[in-house]
Amino acid sequence: MIFALVGRPNVGKSTLFNRLVGGRPALVHDTPGLTRDRRYGEVEYGRFRLDLIDTGGLDPEAEKGVIGAGTSRHARLAVAECDVVVMVIDAVAGLTPLDHEIASELRKSGRPIVVAANKVDSIRREVLAGDAFGLGIEPVIPVSAIHGRGIDDLLDAVLERAPVPPVPTPMPAETDAETEATIGSGQETGPEAAREERPVRIALVGKPNAGKSSILNRLVGTERALVHDEPGTTTDPVDTLLEIGDRTYLLVDTAGIRRRSRHGEDIEKLSVALARRQIERADVVVLVIDAAEGASEQDARLCGDAHEAGRAVVIAVNKSDLVRGATALREIHKKLRDELHFAGFAEAITVSALSGDGMDDLFSAIDRAAAEHRRRISTAELNRFFADVCETHPPPPQKSRAVHIHYLTQARAAPPTFVLWANHPELVSDSYRRFLINQLRARYGLRGTPVRITVRARRGHPKKPQRQGRPPNRPRPRNRRR
């Protein structure tokens, strides 16, 4: 079951969304009209799991502008998609003519409506919610998104008005039985198995106006994110679930990230912080670069952030329709490799979100990067690699001491992380680690993902305890003759 939060700007819809979903996935600020796209989340309530949509404010006055019209269009799409509408009003400010206008439009949609009178922070303020009955819509639920008051009553009212009751989630006992059956069958049940089952999370990052939202809309096949020539149109991360064949993807469009010195208002700083957080949560980071501008220092910094976070990286050179000739494209890719020399493992795909060129190649590169990011190499393969490389090309001696490598193992995947066991781990240089990483890539591919190597000391055998008795350096007393 799906329910949507709708209302005029700055009544607390995003704050209520964060309260219902948990955490702070939506950007919250006092500035009206901050939310512009539809934002999806899951709400767990008892044995039910509900889908929630956060929308921007409906404001006919703001619809005169392109961004305002797009925001209202996305809100109306959410109303058409949901089963129940939660109209959020500001109980402290009271009803406004715009609230009555929105209520009239929602009645015409034919969807069941629940009114959430927000900002009722105490019992004394519950009387303020009485004005909401002037809309002629019941029930009216006093809530406080900040303090969590009235949330259960709101969800109960939503469930009561659902046209089709939601399907309960399995009880823990049923889940335990399924887990035991899985363990008995010999299947893997660890964190990496859970990572294999969940959708591939793809974060679209880049500078403002690079075309991230346009690529998202082209991949999804519909207007999922608001697109405008004005930089900074996207403020909140926009999540979109996409199924292609037997594969499931979660696409996340993020706000454009400029240099720190150019961050202006608090809103931009919050948007950039949310965008950087998506890099850490992603499986694959798609770095979108404007082909007309080429790679910049900021693009290199974003690619470095993804590399440090251990995320797979694919580079999308967008707006190829603005570049004429194959020679110009080759020159762009050459400069791209020079600027992002440390990310030579990442594939660079030329695309055009406007015409759709290269989108199939982009998805293929994402699939390859995701597969290599989760890849595990068997112990037998690593033993052969160890014999061919580590034994024939050992690390050079340091400080007149020989460095012996005992063996190499893979500790984890996502990203592929290997452990090198040596007698003197502090003497294994960074250049030798890079040599081993290049050899691993040459042998096994690992294209599109970072590779990490850590060095640890091999634990030796415990020392034999000394025999109890006199200290060895203490002379024995001589026998005196009587």
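Look above for the structure.
Residues numbered from 1 in each chain as written. Predicted model: local features only at pLDDT ≥ 70, side-chain atom pairs only at ≥ 80, totals over all residues. Heavy atoms only, no water.

Our next topic: the side chain of Arg 8. Inspection of the secondary structure puts Arg 8 in the loop between β1 (2–6) and α1 (13–21). Residue classification places Arg 8 among the buried residues on the basis of a relative accessible area of 13%. A polar side-chain atom of Arg 8 sits 3.5 Å from a polar atom in the side chain of Thr 96. Each residue touching Arg 8, except ones within four places of it in the same chain, is listed here: Lys 13, Gly 57, Leu 58, Val 88, Asp 90, Ala 93, Gly 94, Thr 96, Leu 98, Asp 99 and Ile 102. (Helix = DSSP H or I, 4+ residues; strand = E, 2+ residues; numbered from the N terminus. Buried < 20%, exposed > 50% of the residue type's maximum accessible area, 1.4 Å probe, protein only. Polar contact = N/O pair within 3.5 Å; in protein donor to acceptor, adjacent residues only side chain to side chain. Contact = heavy atoms within 4.5 Å.)

The omega torsion of the bond from Glu 138 to Pro 139 falls at 5 degrees, within 30 degrees of zero and hence cis. In this structure, Pro 139 sits in the loop between β5 (113–118) and β6 (140–142). Here Asn 209, not a glycine, exhibits a phi torsion of approximately 65 degrees, which is positive. As for its placement among the helices and strands, Asn 209 is situated in the loop between β7 (200–206) and α7 (212–220). For Asn 209, a relative accessible area of 36% puts it in the partly exposed group.

The next thing to look at is the environment of Phe 345. Considering the arrangement of structural elements, one finds Phe 345 in the loop between α10 (326–339) and β12 (347–350). A C-alpha to C-alpha distance of 8.7 Å links Phe 345 and Arg 441, two positions 96 residues apart in sequence. Filtering out sequence-adjacent residues up to four positions away, Phe 345 remains in contact with His 307, Val 313, Arg 441, Arg 447, Gly 448, Thr 449 and Pro 450.

Any empty space left between the atoms is revealed when a probe the size of a water molecule rolls over them. If you walk through the whole model with that rule in mind, you get 2 cavities of 30 Å³ or more. By volume, the second largest cavity amounts to about 30 Å³. At the level of secondary structure, the elements contributing two or more residues to the lining of the second largest cavity comprise β11 (312–318) and α11 (359–373). The dominant element in the lining of the second largest cavity, judged by the number of residues it contributes, is α11, at 3 residues. A breakdown of the residues in the lining of the second largest cavity according to their chemical character gives 4 nonpolar, 1 polar and 3 charged. (1 Å grid on protein atoms, 1.4 Å probe; cavity = no way out; pocket = protein on both sides within 12 Å on 5 of 7 lines; lining within 4 Å. Points joined across faces, edges and corners; volume = space filled by probe spheres on them. Nonpolar A, V, L, I, M, F, W, Y, C, P; charged D, E, K, R; others polar.)

One open sheet accounts for 6 strands, arranged β8-β9-β7-β10-β11-β12; its pairing is mixed. Looking at which strands have only one partner, the edges of the open sheet turn out to be β8 (238–244) and β12. With strand direction ignored, the average angle separating the axes of adjacent strands in the sheet is 25 degrees. Relative to strand β9 (residues 247–253), β7 runs parallel, the two being bridged by 5 bridges. (Pairing = 2+ DSSP bridges. Axes fitted to C-alpha atoms, helices over the stretch in contact; angles between N-to-C directions.)

Let's shift gears to the pairing of β1. Along β1, 5 of the 5 residues are buried, which leaves the element largely enclosed by surrounding structure. Of the two faces of β1, the one holding Ile 2, Ala 4 and Val 6 and the one holding Phe 3 and Leu 5 are both buried throughout. Looking at chain direction, β1 and strand β3 (residues 48–54) are connected through 4 bridges and run parallel. Within β3, the residue paired with Leu 5 across the bridge is Asp 54. Where β1 and strand β4 (residues 84–90) come together, 4 bridges link them in parallel fashion. Along β4, the bridge assignment pairs Leu 5 with Val 86.

Relative orientation of the contacting elements helix α12 (residues 379–390) and helix α13 (residues 430–444) amounts to 125 degrees, with a least axis distance of 11 Å. Put simply, α12 runs oblique to α13. Viewed along their axes, α12 and α13 form a crossing whose handedness is right-handed. Touching Glu 381, Leu 382, Arg 384, Phe 385, Asp 388, Val 389 and Cys 390 of α12 are Tyr 432, Phe 435, Leu 436, Gln 439, Leu 440, Arg 443 and Tyr 444, all from α13. Partitioning the contact of α12 with α13 into residue classes produces 9 nonpolar, 1 polar and 4 charged. (Parallel < 35°, antiparallel > 145°, perpendicular 65-115°, else oblique. Left-handed = near helix turned anticlockwise from the far one by under 90°.)

Moving on, we get to the nonpolar core. Core analysis: the biggest nonpolar cluster contains 27 residues, and Ile 215, Val 284, Val 286, Val 314 and Leu 362 have the highest contact counts within it. Going through the elements one at a time, β7, α7, β8, β9, β10 (284–290), β11 and α11 are the ones with two or more residues in this core. With 7 residues, the top contributor of residues to this core is α11. Aside from chain neighbours lying at most four places away, what touches Val 284 is Val 200, Arg 201, Ile 202, Ala 203, Ala 312, Val 314, Ile 366, Ala 369 and Ala 370. (Core = buried A, V, L, I, M, F, W, Y, C linked by side-chain atoms within 4.5 Å.)

Moving on, we come to α12. Within α12 the residues assigned to the buried category are Leu 382, Phe 385, Phe 386, Val 389 and Cys 390. Looking straight down α12, one finds its buried side chains confined to an arc of 105 degrees; they lie on one side. Of the surrounding secondary structure, the elements contacted by the buried residues of α12 are β13 (405–412), β14 (417–422) and α13. (Arc of directions from axis to C-beta.)

The next subject is α11. Its 15 residues place the ends of α11 21 Å apart at the C-alpha level, agreeing with the 21 Å of an ideal helix rising 1.5 Å per residue. Buried residues of α11: Met 359, Leu 362, Phe 363, Ala 365, Ile 366, Ala 369, Ala 370, Glu 372 and His 373, and no others. (Expected span 1.5 Å × (residues − 1).)

For the rest of this paragraph, the subject is the sheet that holds strand β15 (residues 452–457). One open sheet holds the 3 strands; their spatial order is β13-β14-β15, and the pairing between them is mixed. On the outer flanks of this sheet lie β13 and β15, each paired with one strand and no other. Sheet twist, expressed as the average angle between the axes of neighbouring strands with direction ignored, equals 25 degrees. Sheet topology places β13 next to β14; 6 bridges connect them, and they run antiparallel. Bridged to Gln 410 within β14 is Phe 418. On the sheet, α12 packs against β13 and β14 and is oriented at approximately 140 degrees with respect to β13. Sheet strands in contact with α13 are β13, β14 and β15, and its direction is about 125 degrees off that of β15.

Looking down a regular strand, the side chains alternate between one sheet face and the other. The pairing of β11 with β12 spans 4 bridges and is classified as parallel. In the sheet register, Ile 315 faces β12, and the bridge partner there is Ala 348.

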